[in-house]
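# Analysis of the macromolecular model
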Amino acid sequence: MEEKAETIVISRCMEFRIKPDDEQKILIWKTFGCCRFVWNHLLDERISFETLNKGKLLNITPAHLKKDNPFLSEIDSMALINTQLNLNQACKKLFPKGKIPKFRAKGKDKRSYTTNWINSNIEIIHKSDIENYIKLPKLGLVRIILHRDIPTGWRMKHATVKETASGKFFISLTFDVELEPIEMKKEFEKVEAFDYSMPSIVVSASGENDITKDAIRWYRNLEEKIAKEQRKLSRMQYGAANYWQQKHKIGKLHEKARNRRKDFLHKLSHDVVDVFDAVVVEEINLQHMSKSLNFGKSVYDNGYGMLREMLAYKLNAQGKILVKVDMFFPSSKRCSVCHEVNHNLKLSDREWTCQSCGTHHDRDKNSCKNLLDEGKGILNRWASGDSSLILAPSGVLSEKKLHPQAHSNVRQGGE
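Residues numbered from 1 in each chain as written. Predicted model: local features only at pLDDT ≥ 70, side-chain atom pairs only at ≥ 80, totals over all residues. Heavy atoms only, no water.

## Describing the overall build of the chain
From N to C terminus, the chain includes 10 helices and 15 strands. Taken over the C-alpha atoms alone, the chain extends approximately 80 × 75 × 60 Å along its principal axes. Taking all 415 residues of the chain together, the buried fraction comes to 39%. Contacts in the chain between residues far apart in sequence, at least 24 positions, make up 65% of those at least 6 positions apart. Counting only carbon and sulfur atoms, one obtains 50% of the accessible surface of the chain, whose full area is about 25,000 Å². Of the side chains in the chain, 69 bear a positive and 53 a negative charge, and the two mean positions are spaced by 8 Å. (Helix = DSSP H or I, 4+ residues; strand = E, 2+ residues; numbered from the N terminus. Buried < 20%, exposed > 50% of the residue type's maximum accessible area, 1.4 Å probe, protein only. Contact = heavy atoms within 4.5 Å. Areas by Shrake-Rupley, 256 points an atom, 1.4 Å probe, with all protein chains shown as cover. Lys, Arg positive; Asp, Glu negative; His and termini not counted. Charge placed at Lys NZ, Arg CZ, Asp CG, Glu CD.)

## Comments concerning helix 4 (residues 218-234)
In an α-helix, one turn spans 3.6 residues; hence positions three or four apart end up facing the same way. Between its first and last C-alpha atoms helix 4 spans 24 Å; for 17 residues at 1.5 Å apiece the expected length is 24 Å, and the two agree. Bending of helix 4 peaks at approximately 40° at the position of E224. Turning to helix 4, its buried residues are W218, Y219, L222, E223, I226, E229 and L233. Contact partners of the buried residues in helix 4: helix 5 (241-275) and helix 7 (296-302). (Expected span 1.5 Å × (residues − 1). Bend = angle between axes of the 7 residues up to and from the residue.)

## A look at the pairing of strand 11 (residues 321-325)
Extensive coverage of strand 11 is indicated by the burial of four of its five residues. Sheet topology places strand 10 (residues 278-282) next to strand 11; five bridges connect them, and they run parallel. Its bridge partner lying in strand 11, E282 is registered against V325. Direction of pairing for strand 11 relative to strand 15 (residues 396-399): parallel, over a ladder of two bridges. The partner of V323 across the bridge, within strand 15, is L397. (Pairing = 2+ DSSP bridges.)

## Concerning a positive patch on the surface
On the surface, K225, K228, R231, R235, K256 and R260 cluster together to form a positively charged patch. At the level of secondary structure, the elements contributing two or more residues to the positive patch comprise helix 4 and helix 5. Here the positive patch gets three residues from one element, more than from any other, and that element is helix 4. Inspection of the secondary structure puts K256 in helix 5. Of the residues examined, K256 reaches a relative accessible area of 37% and is grouped as partly exposed. (Patch = residues over 30% accessible without salt bridge, like charges linked within 9 Å, V, L, I, M, F, W, Y side chains within 5 Å. Salt bridge = Lys/Arg side-chain N within 4 Å of Asp/Glu carboxyl O.)

## Re the nonpolar core
Core analysis: the largest hydrophobic core is formed by 37 residues, its most contacted members being I18, Y113, I134, L136, I171 and L173. Those elements that provide at least two residues to this core are strand 1 (8-19), helix 1 (22-52), helix 3 (77-94), strand 4 (132-136), strand 5 (140-145), strand 6 (155-163) and strand 7 (169-179). The element contributing the most residues to this core is helix 1, with nine residues. When sequence neighbours within four positions are dropped, the list of residues in contact with I18 reads I134, V142, R143, I144, V161, F169, F170 and I171. With 33 residues, the next largest nonpolar core counts I201, L222, L265 and Y304 among its residues. (Core = buried A, V, L, I, M, F, W, Y, C linked by side-chain atoms within 4.5 Å.)

## Remarks on the packing of helix 4 against helix 5
The description of two packed helices rests on the angle between their axes and on the distance between the axes. Interhelical geometry of helix 4 versus helix 5 gives an angle of 175° and a closest axis separation of 10 Å. As far as their axial angle goes, helix 5 and helix 4 are roughly antiparallel. From helix 4, W218, Y219, L222, K225, I226, E229, Q230, K232 and L233 reach across to helix 5, where they touch Y243, Q246, K247, K249, I250, L253, H254, K256, A257, R260, R261 and F264. Along the lines of polarity and charge, the residues of the contact of helix 4 with helix 5 split into 10 nonpolar, three polar and eight charged. (Axes fitted to C-alpha atoms, helices over the stretch in contact; angles between N-to-C directions. Parallel < 35°, antiparallel > 145°, perpendicular 65-115°, else oblique. Nonpolar A, V, L, I, M, F, W, Y, C, P; charged D, E, K, R; others polar.)

## Describing the sheet that holds strand 6
Pairing in this open sheet of seven strands is antiparallel, and the strands run 2-6-7-1-5-4-3 from one edge to the other. Looking at which strands have only one partner, the edges of the open sheet turn out to be strand 2 (112-116) and strand 3 (123-126). When strand polarity is set aside, the average angle formed by the axes of neighbouring strands in this sheet is 35°. In this sheet, strand 5 lies alongside strand 4 in antiparallel orientation, the contact comprising five bridges. In the strand pairing of strand 5, Y133 is matched with R143.

## Thoughts on the environment of S204
Mapped onto the fold, S204 is located in strand 9 (residues 202-204). In this structure, the C-alpha to C-alpha distance between S204 and N366, residues 162 residues apart in sequence, is 10 Å.

## Comments concerning the confidence of the model for the chain
Per-residue pLDDT for the chain averages 87, and the proportion of residues at 70 or more is 94%. Confidence drops under a pLDDT of 50 for residues 403-415, and excluding neighbours within four residues, the segment shows two contacts in the predicted structure. (pLDDT = per-residue confidence, 0-100.)

## A few points about unusual backbone geometry
One non-glycine residue, K138, lies in positive phi territory at about 70°. Turning to its location among the elements, K138 is positioned in the loop between strand 4 and strand 5. At R217, a position not held by glycine, the phi torsion is positive, near 55°. Considering the arrangement of structural elements, one finds R217 in the loop between strand 9 and helix 4.

And the structure:
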């Protein structure tokens, strides 16, 4: 008798557009408001309890709030429970650090709520090839646009309903999926390396995936139009019908830039993953970079962090690896021919000549070659069983991070 192969359970999420009617929209908006109400009241109670009882966390449910606030019973109770669970996680994370979670303000918080699948309370109903509905607690049947089929065997876990800034409604369905473990590759014939480039997104070692700045700038191309519409909004009365119409108009422009960015990055990452066995990138702190030298808009516009995430999970799904090279590796300053490090290289120097071997370098292309060589070395070390490397469940291979105390000991030993 053959033994069944061991399987692992992972979570998969699929997002669909929904089109609720007017009554369902009102109930969804009420749910957003009630979740915000519960978050703020429970957070206030926890802060008061924490002030009197240092080191202890108050864990109470939203049930006691329903006595004095009967409107909380009009909405899905699971939405309130999930709000409480999210608050618990935030408090456990921040209270020991002496910080507190933020209170939620109307018009500024994310307009979404999550409900759990219990006894088929969430179900997709097919009425025809083009007419589909999803059954949701309290809302009933809501029109859903099924742009792709849900594979059989996927077990629904929970659903998140959200409203975008443009006034559109979406639902994210999370499933538990049983899959056989994918064996990671040990041989890497084709390896690509990407160096981060501010004018575009990345420069590739192969030259096949270089991106020009004309192909991106999704937000920058709409920036003047967004600013014009925002000036109109500033002259309108808050809460009026025209105010919300104008706000949705601005949201559509931001959504257009976001959709164009995601579409481009999905296509780029898909093409790269299909061709190469591994991809090497440099570990860059984009958040710090966005705060320096007025790089904020450009860093967030090119979506390099999103590209790394897409490459990681798409490579991992095929048993391939994304290699992250340490941020302190001198990829730009090191000569890719003789490996001499040019300590005098400035950020403004886009081309330079090695003083040791005389090779003239393009800064980005030289960096790609160094990253490729370093990435191949890391892959060979990992294939031979080097214990100083760690392969995360997400499929990202990198050096093990030392404990902060270990870092200080290394610095003291080297001084």
